[in-house]
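Single-letter residue listing:
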Amino acid sequence: MSSAPTQEISKPHDTVISGESDGSRMPPRARIVASAIELFRQQGIKGVGVDAIAEAAESNKMTLYRHFGSKDDLICECLKQVSARREQIWRDLEAAFPDDPLAQIRGWIHEAAECVFSDPRGCDLANAAIELKEANHPAFKVIVDAKKVHKQRLIDLCRMAGITQAEQLADALVLLVEGARVCGQSAGVEGPQQQLKRACDAMIAAYSAK
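The notes below deal with the structure included here. Residue indices follow the written sequence of each chain, beginning from 1 at its first position. Local features in this predicted model are restricted to residues of pLDDT 70 or higher, and side-chain atom pairs are both shown and tallied only at a pLDDT of 80 or more, whereas totals for entire chains, interfaces and linings draw on every residue. In computing side-chain values, all of the structure's heavy atoms are included and hydrogens and water are not.

1. With respect to the nonpolar core
The set of buried Ala, Val, Leu, Ile, Met, Phe, Trp, Tyr and Cys residues whose side-chain atoms join them within 4.5 Å is what this entry labels a nonpolar core. Relative accessibility under 20% of the residue-type maximum defines a buried residue, over 50% an exposed one, and the middle range a partly exposed one, all with a 1.4 Å probe and only protein chains included. The biggest cluster of nonpolar side chains holds 28 residues, and the ones touching the most others in it are Ile105, Trp108, Ile109, Leu154, Leu169, Leu173 and Leu196. Helix and strand labels come from DSSP, where a helix needs a run of H or I of at least four residues and a strand needs a run of E of at least two; each type is numbered from the N terminus. Counting only elements with at least two residues in this core, the list comes to α4 (71-96), α5 (101-118), α7 (138-160), α8 (166-186) and α9 (196-208). We call two residues contacting when some pair of their heavy atoms lies within 4.5 Å. What Ile109 contacts, discounting residues up to four positions off in sequence, is Leu173, Lys197, Cys200 and Ile204. In this structure, Ala36, Val82, Ala128 and Ile143 belong to the second largest nonpolar core, which totals 27 residues.

As C-alpha cells, then:
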C-alpha cells in the first residue's frame, strides 16, 4: 500500500493568521478580522466581545462597527476567510501533484493529520458550528456551504482517481478526519487519531478495489 506523499504544503490545514510581522501595517478592516479569528480560536466565539477584538486590532468599536454592522457580521466574515484559506490548500495540492488526483487526496490526508497532531484547537468551522447552535444564526449557512464545497472537492478528486463510489469514499474520509479531530481534543496524544493515515489508506484501498 502506498504511503501519503511526503511533499509538504506551505499552508496549515485550518489555522488562519494575519501573515504580517507587523499587524499595524494592515488596513483596519484586515486587522480586525485577523484579530477576531485568532481570539475566536483561543477563547471561543461567545467568549470574545467586540471591545476585546477592537483592542487586539489596535482599533476601536466605532471603526469595527463602521466595517461590520454587528458581531454576527464579523463572525461570518471570519468564517468566510477561514474557508478561503482552506481552498488555498486544495490549490497548493493541485500545484504540488498535478494530474495525480490520488496523490492530492493523500496530500490532503497528510495535511489533516499534521493539523490533528499539532493543533489541539481543532477545526475553526466545526468549533463555530458547535458554539452557534441556533439554526437561524447567519454564520451557520456560511459553515454549511463551506463544508459542502470542501466535500465536493474530495468527491471530484475521488471520481478523477477512478473511484466508482466517489461520494461514499469522500464521506468516509471526511468522517475519519473529523473524528480524528475530536479524538485529538478529547482522547489524549495516544488516542485513536494516531491511526488516521492508516485508516484512510485502508478506506482508499477498499474503495479502489470495487
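2. Looking at the packing of α5 against α7
For helices, the fitted axis covers only the stretch in contact; all axes are lines through C-alpha atoms, and the angles between them, taken along N-to-C directions, range from 0 to 180 degrees. With their axes 8 Å apart at the nearest point, α5 and α7 run at an angle of 140 degrees to one another. Considering their axes alone, α5 and α7 lie oblique with respect to each other. Along this stretch, α5 crosses α7, giving a crossing that reads as left-handed. Across from Pro101, Gln104, Ile105 and Trp108 in α5, the residues of α7 making contact are His150, Leu154, Leu157, Cys158 and Met160. When residues are sorted by character, Ala, Val, Leu, Ile, Met, Phe, Trp, Tyr, Cys and Pro go into the nonpolar class, Asp, Glu, Lys and Arg into the charged class, and all the rest, Gly among them, into the polar class. When the residues that make up the contact of α5 with α7 are grouped by side-chain class, the tally is seven nonpolar, two polar and no charged. Working definition: roughly parallel below 35 degrees, roughly antiparallel above 145 degrees, roughly perpendicular at 65 to 115 degrees, and oblique for all remaining angles. Helix crossings get a hand from a simple test, with the near helix turned counterclockwise from the far one by less than a right angle marking a left-handed crossing and a clockwise turn marking a right-handed one.

3. Focus on unusual backbone geometry
Comment: phi is negative for the bulk of residues other than glycine, and the bulk of peptide bonds are trans. Located in the positive-phi region is Glu58, a residue other than glycine, with phi close to 55 degrees. One can find Glu58 in the loop between α2 (50-56) and α3 (61-67). With relative accessibility at 60%, the residue Glu58 sits in the exposed group. For Asp99, which is not glycine, the phi torsion reads 60 degrees and is therefore positive. When you line up the elements, Asp99 lands in the loop between α4 and α5. Exposure remark for Asp99: the relative accessible area of 80% places this residue in the exposed category.

4. Observations regarding the side chain of Gln104
Its location among the elements puts Gln104 in helix α5. On the basis of relative accessible area, Gln104 is assigned to the buried category, the value being 7%. In this view, Gln104 contacts Leu93, Glu94, Phe97, Asp99 and Leu157; residues no more than four positions away in its chain are not counted.

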